[in-house]
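# A structural walkthrough
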Amino acid sequence: MTLLLRPPSLPPFRSFSGAGDSKSSLFPNRIRPNSSRRRLGTTSFTRASDVDSFTENSGYLFELSESEAELLAEYDIARITAVYRKKPVILARRLFQTGATLGRWFALRYIDGLMERADAMFKVRAAELRKILVELGPAYVKIAQAVSSRSDLIPPSYLEELSVLQDRINPFSNEVALNTIEQELGVAIDEIFSEISLDPVAAASLGQVYKARLRQNGRMVAVKVQRPGVKAAIALDILILRFIAGIIRRAGKFNTDLQAVVDEWASSLFREMDYRKEAQNGIKFRELYGSLPDVVVPQMYMEKTTQRVLIMEWVEGKKLAEVKDIYLIEVGVYCSFNQLLEHGFYHADPHPGNLLRTYDGKLAYLDFGMMGEFKEELRDGFIEACLHLVNRDFDALAKDFVTLGLLPPTADRDAVTKALTVAKGVQNISFGDLLGDLGTTMYKFKFRIPSYFSLVIRSLAVLEGIAISFNPAYKVLGSTYPWIARKVLVDSSPKLKSSLQSLLYKDGVFRVDRLESLLSESRRARIDKVLVKKEELDAKFAAKDIISFTLTEKGSFVREIFLEETAKGLDALGVATLNSIASFFTAYIPFPVPLPAIALTDEDFVNLMNLHSLLLLMSGLQGSGTGTKKIYSYEKQRSSLSKSNNQISSLSKNKTQRSYAVEISQLLSQLASTREIQPIIAAVNELPPEQQLQFYSLPANVLARLLSRAAARAVRRLFI
């Protein structure tokens, strides 16, 4: 005879069976099925005959006819409305239950405040709220799960209680669960499994999980069984929440279409209730991201999965939120980058119960019921917005917001640009900021959150919330930006190439500081377990990394920029050298010498400065204090240039001639020294032979460009 007991609800799968607890056996309270019919016993947690609080308080929602169940197979608000229009009593009862339950809790919180006992009753009210959410059912539990990782937004007492909702909700009857498995799979349990846990190892909002061993191959698997009545309850609650969202939007004059946000979330939730779709999602997720470094995606047993029963590979580990592993947070950030910006297929429900640290130190993803699709044009728009925010190009950023649907086309972009000039860089923005000062600015200028964007924000906010619990300064957007920088530099997308071109050439002037920033950030796009010494990352390997990158096929776009700007700089250097010689003879020789004096143009002056900066960048010295910090800002350069041109126009004055000669000499003295050239030569010598040959072929390319520019300059001088 077999025993089985007490269930929880939905957490997909995680380190169950006492993960991290050395006292727990591999298979606590397990049963070995045999051919006899199992009876259900009891455990210390709950009785098989007991009814869980959700069923006890909301079980009246479960009853649906066959035709009604068919109408609720997919999310369709019109069909849901049609079903419950015929059930006015149930609708009224649910409205009363929800309003009375939550209203009573808010009233008690208000009374606590009046009686100055709010602090004393804080933990009590937090526990009461958790119980209320469980009683109301999966829709409300899901909302609580979405915020249960945000220690920066939720008080600790509430956070502790809401965290229980991730995988420790009271389970429904084991007998119901076992019967569901047999009915869905069409065979007796003991024909499928040689062992199955006596109790569910986890339970959440939609279902509960058992640990079992497949009879066919002896492998350990997680068996997820859907909670009865969830679809009917969720459908009605979404109808109510959608109605409330419409009232809130009109009353609060919100810019965001709150009903569309509810629809997006509800669509994902309905897909999550079909375990066949979840298994398909898991297979796709494994194909796309299972090969990433230190990422684990469990195998799905599609042939043994139905709409209400899912069987997948068992994964051992501990919740990521319970282990302070910043490395795995970075792994998660890299995986999220790939999900959102490479393939556009992302995990939209990564609450802490769905992220594990396996015992061999890898990051395991669980539960693939709620997934999102991020279209390519939106991915590119998101990348462009990050680039413009980092480089404080707020005019372009305001346009990006329109592209992403965050701003209406009729918005006053100039006013938005002005407001954004006080914004933080993307590296310093947390999701808490989105609800703070930045959120106020967004409201003021009629920002709206498109429905698709709410899931994107959630997918990143969870990782940041976990990291903040042990590193308050962590910013997930800042950790994502290096990967964004790398993608912009290597991606073949015409739109991103155009964005890079526009970013690097502001008003036709090459911004070497922006290229330096992108290259520097892209070199941080790594998830090595062994930390590289800072000086090695910044100096020793910088030259080799940059040169090697520019010689690859992916670096061809950047290589072209280097070659073109080097040719421009050498052309300007030739003019500056001639001017230096001419100015010297004119200033210091007492008799006239017929030497040509070609005034440095604004473009020449900037090109000369850029040549110096490029040499520093290639040598790995840029940013060390010897680069752009020692070179005048572009505004000062142009001011100095204007002064120089005035000096040239009055070369008859000996004092002015000498001043100009000194200035040109100072300008040339800033250019490459042996110290700046040596790292480049050393780096080239460490490259593979084929890359060395490629590098040494570049001067011929530069020479051809230089001759072309010199010829064009000569023609202009002769005929213009």
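Cut-offs used in this document
- Residues numbered from 1 in each chain as written.
- Predicted model: local features only at pLDDT ≥ 70, side-chain atom pairs only at ≥ 80, totals over all residues.
- Heavy atoms only, no water.
- Helix = DSSP H or I, 4+ residues; strand = E, 2+ residues; numbered from the N terminus.
- Buried < 20%, exposed > 50% of the residue type's maximum accessible area, 1.4 Å probe, protein only.
- Contact = heavy atoms within 4.5 Å.
- Areas by Shrake-Rupley, 256 points an atom, 1.4 Å probe, with all protein chains shown as cover.
- Salt bridge = Lys/Arg side-chain N within 4 Å of Asp/Glu carboxyl O.
- pLDDT = per-residue confidence, 0-100.
- Pairing = 2+ DSSP bridges.
- Axes fitted to C-alpha atoms, helices over the stretch in contact; angles between N-to-C directions.
- Arc of directions from axis to C-beta.
- Core = buried A, V, L, I, M, F, W, Y, C linked by side-chain atoms within 4.5 Å.
- Phe/Tyr/Trp six-rings, centres within 6.5 Å; stacked < 30°, edge-to-face > 60°.
- Polar contact = N/O pair within 3.5 Å; in protein donor to acceptor, adjacent residues only side chain to side chain.

A few words now on the overall build of the protein. On a plain count of helices and strands, the protein comes out with 30 helices and 14 strands. Here the protein, with 720 residues, has 53% of them falling under the buried criterion. A fraction of 76% describes how many contacts in the protein between residues 6 or more apart in sequence connect residues 24 or more apart. When the accessible area of the protein is evaluated, it comes to approximately 32800 Å², of which 56% is carbon and sulfur surface.

Further remarks concern the pattern of salt bridges. Under the criterion given, the structure shown has 29 salt bridges. Close ionic contact of K568 with E565 constitutes a salt bridge, the shortest N to O distance being 3.3 Å. In this pair, K568 and E565 are both assigned in helix α24 (residues 556–588), three residues apart and thus about one turn of the helix distant. Here K568 and E565 have matching classes, each one buried. Look at the salt bridges and you will find they share partners, linking D112, R117, R125 and E128 into a network.

With that settled, consider the confidence of the model for the protein. In the predicted model, the protein carries a mean pLDDT of 76, and the fraction of residues at 70 or more is 74%. For the protein, the element scoring lowest by mean pLDDT is strand β1 (residues 30–31), at 45; strand β7 (residues 309–313) scores highest, at 96. Of the regions scoring below 50 in pLDDT, residues 1–49 engages in 197 contacts with residues more than four places distant in sequence or in other chains.

For strand β5 (residues 220–226), the tally of buried residues reaches seven of seven residues, placing the bulk of the element in the interior. Pairing between strand β4 (residues 207–214) and β5: seven bridges, direction antiparallel. The partner of R213 across the bridge, within β5, is M220. Taken together, β4 and the strand that follows it, β5, pair antiparallel across an intervening segment of five residues, in which G218 is found at a positive phi of about 75 degrees. Bridge count for β5 against β7 is five bridges, and the pairing is antiparallel. Considered in β7, the bridge of A222 is made with M312.

Now for unusual backbone geometry. Of note in the backbone geometry, E116 takes a positive phi value of approximately 55 degrees without being a glycine. Along the chain, E116 turns up in the loop between α4 (88–114) and α5 (122–136). Unlike most non-glycine residues, D294 shows phi in positive territory, near 60 degrees. If you trace the backbone, D294 turns up in the loop between α12 (275–289) and β6 (295–296). Owing to a relative accessible area of 16%, D294 belongs among the buried residues under this scheme.

Turning our attention to the sheet that holds strand β10 (residues 355–358). On the basis of which strands lie adjacent, the open sheet formed by four strands has the order β6-β11-β10-β8 and mixed pairing. Strands at the two margins of the open sheet, each flanked by one partner only, are β6 and β8 (317–319). Pairing analysis gives three bridges linking β10 to strand β11 (residues 363–365), with the strands arranged antiparallel. By the bridge assignment, L355 is partnered in β11 with Y365. Lying on the sheet, helix α13 (residues 326–343) is in contact with β6, β10 and β11; it crosses β11 at an angle near 45 degrees.

This part takes up helix α29 (residues 689–696). Within the span of α29, buried status applies to Q691, Q692 and F695. The buried residues of α29 occupy an angular sector of 105 degrees when projected down its axis, which confines them to one face. Opposite the buried face of α29, at more than 90 degrees from it, the exposed residues are P689, E690 and L693.

Counting 146 residues, the largest nonpolar core has F374, L515, L518, I547 and F562 as its most contacted members. Top contributing element to this core by residue count: helix α10 (residues 230–252), with 11 residues. Once residues within four sequence positions are removed from consideration, L518 is found in contact with L387, Y481, A485, L489, L500, L503 and L504.

Let us now look at the packing of aromatic side chains. Summed over all chains, the structure comprises 10 aromatic pairs. Geometrically, the ring pair formed by F285 and F368 is tilted, given 5.1 Å between the ring centres and 40 degrees between the ring planes. Of this pair, F285 sits in helix α12 while F368 sits in the loop between β11 and β12 (371–373); the two residues are 83 residues apart in sequence, bridging distant segments of the chain. Judged by relative accessible area, which is 0%, F285 ranks as buried. By relative accessible area, F368 is classed as buried at 0%. Taking 5.7 Å as the distance between ring centres and 75 degrees as the angle between the ring planes, the aromatic pair formed by F695 and Y696 counts as edge-to-face. Taking relative accessible area as the criterion, F695 reaches 18% and is therefore assigned buried.

As a further point, take the side chain of R125. Assignment of secondary structure puts R125 in helix α5. Taking relative accessible area as the criterion, R125 reaches 4% and is therefore assigned buried. Engagement of the side chain of R125 in a polar contact is seen with the side chain of D112, the distance being 2.6 Å.

Right, let's get into the pairing of β10. Across three bridges, the pairing between β8 and β10 is antiparallel. Opposite G317, over in β10, you have T358 as the bridge partner. Taking the residues between adjacent antiparallel strands as the criterion, β10 and β11 are bridged by four residues, where G361 takes a positive phi near 80 degrees.

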